Structure formats: C-alpha cells, structure tokens
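In case you want the letters, here they are:
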Amino acid sequence: MNKMHLGEIVGLDFFLEWLLRSKTSFYGIELNLPWWFGLSSWNYLIVSFVLILVNSKWTENSRFPYRLFAFHLALQAPLSFCADYLYMSEDSIFQVLDRTSAVIASMMEILRQISHFQSGHISNLFAVLIALATMSAIICYYQSYISQMSMNRDGFIFWHFLWHLFPLVISFFLLIENFYCNQWIFSKMIICRRQIKKVN
C-alpha cells in the first residue's frame, strides 16, 4: 500500500490553501469598511490585559502557558487590524499571519478553558456559558467566511464584527468570575475568623 501523502488527507489541502492565501475574496475591491469595524480588532488587546490583570489562582498549579497566551493575544490585535481593516482588499502577508495567529489563539483558548475546568476553580454554569460563547463565536466566523466567499460585504462586516466581540465576552466572564471568586474567599475568611473568636 502506498504511503498517504499529507495533501491526500481529507480537508488538509483546503485548510492549507485557506491558511496560506495572501488575498481575500474582496481583493481589488474598495470596501470602505467602517471605523468601528477596524476598532473591534483591538478587542484582543483588551482581553490580553484582562488575563494579566485577573491572573486567577488556578493558573499557579496549571501547566497552561497563561502569560504566553496573554502575550499572543496582544500580538493578535495589530495583526487582525492590518488583515481585516487596513489590507483587506490587498495582497498582503498580514492575511497569512492573521489566520495563522488566530488558529493558534483559538486552540490555546480551548486548552485554557479545559485547563480551567479541570482545576475545579470554575463553576459548571460558567464553564457551560463560556463553551456556548465559544461555539457561537466559531459560528460567527464561519458565517463571515461564507459572506466573504459570496462577496457579501455587509454580511462579512456583521458576522466578522461579532467574531471580534468574542474577546470582550471572555473578558466579561473573567472579570465576573474573578469578582465572584474573591467574594467567596472573603466570605470564607470572615467565617474562619468568627470560628476562631468563638474558640478563644
């Protein structure tokens, strides 16, 4: 039996063609993208700062590269801005860099969620909500890709803007969870102090 080449693996050719393409379907077309669409690319920078700010306790005993992930998301912001806004209709290496970085970031985010859940420092409700938000974000990206392939400018703007909102959603969950966790720890400390006073 002949050895199977990488290019013969189902879907790999399509994935590599998509990943390494330096042009989008809007190549050569004047899109006049709205300013707020370009601004949404910097949401990755926001979630990067939130990750560093929160620095949850579960990361201390986890092998997940938490700070490296935060740094990667900070780099994702300018790549996204260049690829999706500045050079969307041009032949640019930023298209390749942005997609490659986004794939890595997406995989790391899923690993972060799994590591967080395994640590036991997150409620089942929060875990389910974050998982649903992640699936919704993937659907938004897929819809933006379909819109791009069908040359639907408005559809692309709408769906890709929603895709760019995912970092803000994650930031919201991180901040709420951090507040909830701190409140829980604070209440436990108060209970312990009261018990110590009773003993004394």
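Here the structure is a predicted model, which means the values were calculated and not measured.

1. Details of the nonpolar core
One recurring pattern in soluble globular proteins: nonpolar side chains tend to sit buried together.
So, step 1. One finds L51, F69, L73, I170 and L174 to be the most contacted residues of the largest nonpolar core, which totals 26 residues.
So, step 2. Elements with a contribution of two residues or more to this core: α3 (43-54), α4 (66-86), α5 (93-119), α6 (124-149) and α8 (166-199).
So, step 3. Element by element, the count of residues in this core is highest for α6, at 6 residues.
So, step 4. Once you skip the residues sitting within four places of it in the chain, I170 turns out to touch V47, E109, R112 and I130.
So, step 5. Membership of the second largest hydrophobic core comes to 7 residues, among which are L31, L33, F37 and I157.

2. As for the confidence of the model for the chain
So, step 1. Considering every residue of the chain, the mean pLDDT works out to 85; 84% of them sit at 70 or more.
So, step 2. Note on residues 6-10: pLDDT under 50 across the span, and 5 contacts to partners over four residues away in sequence or across chains.

3. Some words on the packing of α6 against helix α7 (residues 153-164)
To describe two helices that pack against each other, one gives the angle between their axes and the distance between the axes.
So, step 1. Where α6 meets α7, the closest approach of the two axes is 8 Å, and the angle between their N-to-C directions is 155°. Here α6 is positioned roughly antiparallel relative to α7, judged by the angle of their axes. Handedness of the crossing formed by α6 with α7: left-handed. Together, A137, I138, C140, Y141, Q143, S144, S147 and Q148 of α6 and G155, F156, W159, H160, L162 and W163 of α7 make up the contact between the two elements.
So, step 2. Its residues placed into classes, the contact of α6 with α7 shows 8 nonpolar, 6 polar and no charged.

4. Quick look at the packing of aromatic side chains
So, step 1. Counted under the stated rule, the structure contains 14 aromatic pairs.
So, step 2. For the pair F14 and Y145, a centre-to-centre distance of 6.5 Å together with 85° between the ring planes defines the contact as edge-to-face. Pair noted here: F14 is in helix α1 (residues 12-19) and Y145 is in helix α6, with a separation of 131 residues, a long-range link.
So, step 3. We note K23 situated over the ring of Y27; from NZ or CZ to the ring centre the distance is 4.4 Å.
So, step 4. The ring of W18 is capped by R99, whose NZ or CZ atom sits 5.9 Å from the centre of that ring.

5. Regarding the environment of M151
So, step 1. On the secondary structure map, M151 appears in the loop between α6 and α7.
So, step 2. Among the residues examined, M151 registers a relative accessible area of 41% and is labelled partly exposed.
So, step 3. The sequence separation of M151 and I29 amounts to 122 residues, and the corresponding C-alpha distance is 9.9 Å.
So, step 4. Sequence-distant contacts of M151, that is, excluding residues within four places in its chain, are made with S25, F26 and I29.

6. Section: the pattern of salt bridges
So, step 1. Following the criterion strictly, the structure yields 3 salt bridges and no others.
So, step 2. The shortest N-O distance in the salt bridge between E109 and R112 comes to 2.9 Å. Of this pair, E109 and R112 are both found in helix α5, 3 residues apart, which corresponds to roughly one turn of the helix.
So, step 3. Given the relative accessible area of 7%, E109 is considered buried.
So, step 4. Where R153 meets D154, a salt bridge forms, and the shortest distance between an N and an O atom there is 2.8 Å.

Thresholds, definitions, all that
- Residues numbered from 1 in each chain as written.
- Predicted model: local features only at pLDDT ≥ 70, side-chain atom pairs only at ≥ 80, totals over all residues.
- Heavy atoms only, no water.
- Core = buried A, V, L, I, M, F, W, Y, C linked by side-chain atoms within 4.5 Å.
- Buried < 20%, exposed > 50% of the residue type's maximum accessible area, 1.4 Å probe, protein only.
- Helix = DSSP H or I, 4+ residues; strand = E, 2+ residues; numbered from the N terminus.
- Contact = heavy atoms within 4.5 Å.
- pLDDT = per-residue confidence, 0-100.
- Axes fitted to C-alpha atoms, helices over the stretch in contact; angles between N-to-C directions.
- Parallel < 35°, antiparallel > 145°, perpendicular 65-115°, else oblique.
- Left-handed = near helix turned anticlockwise from the far one by under 90°.
- Nonpolar A, V, L, I, M, F, W, Y, C, P; charged D, E, K, R; others polar.
- Phe/Tyr/Trp six-rings, centres within 6.5 Å; stacked < 30°, edge-to-face > 60°.
- Lys NZ or Arg CZ within 6 Å of the ring centre and 35° of its normal.
- Salt bridge = Lys/Arg side-chain N within 4 Å of Asp/Glu carboxyl O.

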